[in-house]
Amino acid sequence: MTDSKYFTTTKKGEIFELKAELNSDKKEKKKEAVKKVIASMTVGKDVSALFPDVVNCMQTDNLELKKLVYLYLMNYAKSQPDMAIMAVNTFVKDCEDPNPLIRALAVRTMGCIRVDKITEYLCEPLRKCLKDEDPYVRKTAAVCVAKLHDINAQLVEDQGFLDTLKDLISDSNPMVVANAVAALSEIAESHPSSNLLDLNPQSINKLLTALNECTEWGQIFILDCLANYTPKDDREAQSICERVTPRLSHANSAVVLSAVKVLMKFMEMLSKDLDYYGTLLKKLAPPLVTLLSAEPELQYVALRNINLIVQKRPEILKHEMKVFFVKYNDPIYVKLEKLDIMIRLASQANIAQVLAELKEYATEVDVDFVRKAVRAIGRCAIKVEQSAERCVSTLLDLIQTKVNYVVQEAIVVIKDIFRKYPNKYESVIATLCENLDSLDEPEARAAMIWIVGEYAERIDNADELLESFLEGFHDESTQVQLQLLTAIVKLFLKKPTETQELVQQVLSLATQDSDNPDLRDRGYIYWRLLSTDPVAAKEVVLAEKPLISEETDLIEPTLLDELICYIGTLASVYHKPPSAFVEGGRGVVHKSLPPRSASSESTESPEAAPTGAPSAEQPDVIPPQGDLLGDLLNLDLGPPVSGPPLATSSVQMGAVDLLGGGLDSLIGSTNFTAPPAAAVPANLGAPIGSGLSDLFDLTSGVGTLSGSYVAPKAVWLPAMKAKGLEISGTFTRQVGSISMDLQLTNKALQVMTDFAIQFNRNSFGLAPAAPLQVHAPLSPNQTVEISLPLSTVGSVMKMEPLNNLQVAVKNNIDVFYFSTLYPLHILFVEDGKMDRQMFLGTWKDIPNENEAQFQIRDCPLNAEAVSSKLQSSNIFTIAKRNVEGQDMLYQSLKLTNGIWVLAELRIQPGNPSLTDLELSLKCRAPEVSQHVYQAYETILKN
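If you're wondering where the values come from, they're calculated on a predicted model, not measured in any experiment. (Residues numbered from 1 in each chain as written. Predicted model: local features only at pLDDT ≥ 70, side-chain atom pairs only at ≥ 80, totals over all residues. Heavy atoms only, no water.)

Time to look at the sheet that holds strand 3 (residues 737-746). Here five strands make up an open sheet; going across it, the order is 1-2-3-6-5 and the pairing antiparallel. Lying at the two open borders of the sheet, with one neighbouring strand each, are strand 1 (714-717) and strand 5 (767-768). As paired elements, strand 2 (residues 725-734) and strand 3 share 10 bridges and run antiparallel to each other. Bridge pairing in strand 3 places arginine 733 opposite isoleucine 738. (Pairing = 2+ DSSP bridges. Helix = DSSP H or I, 4+ residues; strand = E, 2+ residues; numbered from the N terminus.)

Rendered as structure tokens:
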């Protein structure tokens, strides 16, 4: 009879009857009762009331019964910790049982009972089992140490279990070695700085010996551990590669990928001139090809990993193009991934074969796949110059099919081909123009408009074509509107006499009738340019464009190197480092490939260069608490907190003709109507001749009233840590407004857009008062400077240190985190001058233990200069006295949250040019004092 009978019971006094059966003298009856208890537990009934009776059944020689009782114990020990202690004696006894299976079962269960009270009792039995004569018990005990470390790390370290684990790496049994490595790796992952797996050539040799004899999962643990080792020279790297290579023929795909990871990493150290390097490349191809004959899900994982490998070392699979050809019954996700790899492997040698295949795909029924195939033809043209002509004629054939989505994709890719090969294939423009009416997708319309604008001088009716788009201007997407604006301005600069009405119309539509800030800004810039300096306008708008390259879709080199170290893990499927999707601090260690050997290549890998790491005193980036990370990830919630408005020019402008008179050189005496005054922002009202410089001068007409000290910009987020985005910045306070002045630099290979910023809760409630506005996409190697206004009405939480600010910046690539320390003087408010009587009263009221003393040595200023310099940063002198030849300044300042700080500054004349200052600070919040002192020192010494 099956075990299902235990799950079907309708008795009312069930618990009572089970209790009686559990205490029965008959062994069989007892076993049946425990089975019923486990069945009830499995379906979710609460049988914790039977805890003492079940625990009594532990005293048995029957292995099956013992397993069932241990199962019950693991489930209920957490809710009944006091009762669970009753079982400790049995564990201790079972750990000395002659049967190794029972010893291992006891130690395994001990590791699964996560109750603090019990853990200390388990140390002795665990120590014995780690030194047990039977390898099965030792391998189980090794895993138990990792579980115990998760519950109570300090206890494991105090008891010396970590050293015992390290000794087990030298064990004679391969499975014990594998489990010891797995346990140490798990512990090292949660404590990245502990350096537990201190690998050396001797221990590596032991691991390689064990590798041949363990189970497949044991082999994966050992291979992953080997991947974290950096050999001392290329000879050691070659020796390890030779011993790992046989794993490539393993039946388990996880073992194969782990072996590939080790070889890819160590190949970095081998010279390309070595015969062995060539042999290794040949050996790596067959196992990767074999992975593609598995089921689709495994194929997809293999393809995502192959995609990384091909970007790092395309020579491995350059002769294997055919295995990536799409089969009719492949799922779409496999098809798209194969397509991507085909393009990466395309070269002059195989391009004919690839193009024939892609043309075939473009006639498939799956729309998404067809679109990707057409795009792929364009990417091939850009990658392999010799094939460009062939690709263009293939695309023209596809346009002749008149299939709507094929035509649209073809036009998008032809635009890129024009960018790559200017003045070569423009003869096809006529064919493209024939299909103008059928375009309904924004990207295709934008591409066609770009082509018309760029080659306006070759198209007779270019103005008519663009005018046809202009009729429904407000219904178009932003992408099309921006492209249309630029195209018409280009057309105007090429054919000024015929198109002045058209350009007037589009500028008016963009600036007066549009509520899109990007479009309005671009319209005003063109308007300004055309009206002030037509020659400059020509140079800007018709400038020679940089050629595009095939690299745009490659993963950035530093990220690629990191992902190669994660082959065979989720990171290699997502193509993102673990830090991007693993919450909290656990397990997020940045890995990189070992530096190339000196003989291997003249160019060094990016890792060999200094990484520009932030200075040692930078605080930790994000604390591990889940709620803080949650706050930071919540980038899109709610509008920004309102704060002080940006200072704008107070000069009102009349109806100045922005286009008037400036275009004589182009079109003679044509009259333009000016935009109405209301449509032009006030800060555009500078004299026309001033060009673009004042267009962005948001503070013109106000003047900076408060000359608070501004620290030079420092790098807050290095490009290495943010996939190529480098952020530098500083903080300023002017006219009562706090700003974060940022400099964003794109050091990646792709364009960055969609920027947003959010601060974590902090000690003074700093928060962005406006969104982060980066008006144009940030192209590679471009830098943009932005001033972000801040308010102090955000959420408050005391930080350590007090002036720590944790920031999340989001763009189209990812979310990045960094933290920085803001100088406290940006929080000193303008109304911080206290009345004299109030100063005296407050100084007496604040208890003496709140007084803090500091020294500022070698200050190059006298009392007058000190007072005036501090006043410019809102530290106000209330009274000044001279006592026995020393100047005493009594000062007050107030923070944005209303905290007053009182200061007594004693100026002792030292040598003629430098003086020493003694600073006494009193405050009801004494933790602020240290940071106020730092502000004093910063202001006075800079």
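We are not done yet, so read on.
With the rule as written, the count across this model stands at 35 salt bridges. Between arginine 445 and glutamate 476 there is a salt bridge, with its nearest N and O atoms 2.6 Å apart. Here the residue arginine 445 occupies a position in helix 25 (residues 442-454), and glutamate 476 occupies one in the loop between helix 26 (462-470) and helix 27 (478-494), the gap between them amounting to 31 residues. Like arginine 445, the residue glutamate 476 is buried in the burial classification. (Salt bridge = Lys/Arg side-chain N within 4 Å of Asp/Glu carboxyl O. Buried < 20%, exposed > 50% of the residue type's maximum accessible area, 1.4 Å probe, protein only.)

In spatial order, the strands read 4-7-8; together these three strands make up an open sheet with antiparallel pairing. For this open sheet the edge positions go to strand 4 (756-759) and strand 8 (815-821), each flanked by a neighbour on one side alone. Taken over all neighbouring pairs, the strand axes of this sheet differ in orientation by 25° on average, direction set aside. Across four bridges, the pairing between strand 4 and strand 7 (residues 804-810) is antiparallel. Directly across from isoleucine 757, in strand 7, lies its bridge partner valine 809. (Axes fitted to C-alpha atoms, helices over the stretch in contact; angles between N-to-C directions.)

The next subject is the pairing of strand 11 (residues 886-894). Taken across its nine residues, strand 11 has eight buried, putting it largely inside the fold. Across seven bridges, strand 10 (residues 876-883) lies against strand 11 in antiparallel orientation. Residue pairing in the sheet places lysine 880 in a bridge with leucine 889 of strand 11. Linking strand 10 back to strand 11 in an antiparallel pair, the connection comprises two residues, with glutamate 884 at a positive phi of about 50°.

Attention now moves to the pairing of strand 3. Strand 3 sits mainly inside the fold: eight of its 10 residues count as buried. The hairpin formed by strand 2 and strand 3 contains two residues between the paired strands, and valine 735 there has a positive phi angle of roughly 50°. Judged from the eight bridges that link them, strand 3 and strand 6 (residues 783-791) form a sheet pairing that is antiparallel. Bridge pairing links leucine 744 to valine 784 in strand 6.

The subject of this paragraph is a negative patch on the surface. Together, Glu464, Glu467, Glu471 and Glu501 make up a region of like negative charge exposed at the surface. When its relative accessible area of 70% is taken as the criterion, glutamate 471 is described as exposed. (Patch = residues over 30% accessible without salt bridge, like charges linked within 9 Å, V, L, I, M, F, W, Y side chains within 5 Å. Areas by Shrake-Rupley, 256 points an atom, 1.4 Å probe, with all protein chains shown as cover. Lys, Arg positive; Asp, Glu negative; His and termini not counted. Charge placed at Lys NZ, Arg CZ, Asp CG, Glu CD.)

Before going further, it helps to examine the packing of helix 16 (residues 253-267) against helix 17 (residues 275-291). Orientation of helix 16 relative to helix 17, taken along the N-to-C sense of each, is 155°, at an axis distance of 11 Å. The pairing of helix 16 with helix 17 is recorded here as roughly antiparallel in orientation. Note on packing geometry: the crossing formed by helix 16 with helix 17 is left-handed. Together, Ser253, Val256, Leu257, Val260, Leu263 and Met267 of helix 16 and Tyr277, Leu280, Leu281, Leu284, Pro287, Leu288 and Leu291 of helix 17 make up the contact between the two elements. Among the residues making up the contact of helix 16 with helix 17, the classes are represented as 12 nonpolar, one polar and no charged. (Parallel < 35°, antiparallel > 145°, perpendicular 65-115°, else oblique. Left-handed = near helix turned anticlockwise from the far one by under 90°. Contact = heavy atoms within 4.5 Å. Nonpolar A, V, L, I, M, F, W, Y, C, P; charged D, E, K, R; others polar.)

A rise of 1.5 Å per residue sets the reference length of helix 9 (residues 135-151), with its 17 residues, at 24 Å; its end C-alpha atoms lie 25 Å apart and thus fit the reference within 8%. Buried-residue contacts for helix 9 involve helix 7 (100-112), helix 8 (116-130), helix 10 (153-158), helix 11 (161-168) and helix 12 (174-190). Residue aspartate 134 occupies the N-cap position of helix 9, its side-chain oxygen lying 2.8 Å from the main-chain nitrogen of tyrosine 136. (Expected span 1.5 Å × (residues − 1). Polar contact = N/O pair within 3.5 Å; in protein donor to acceptor, adjacent residues only side chain to side chain.)

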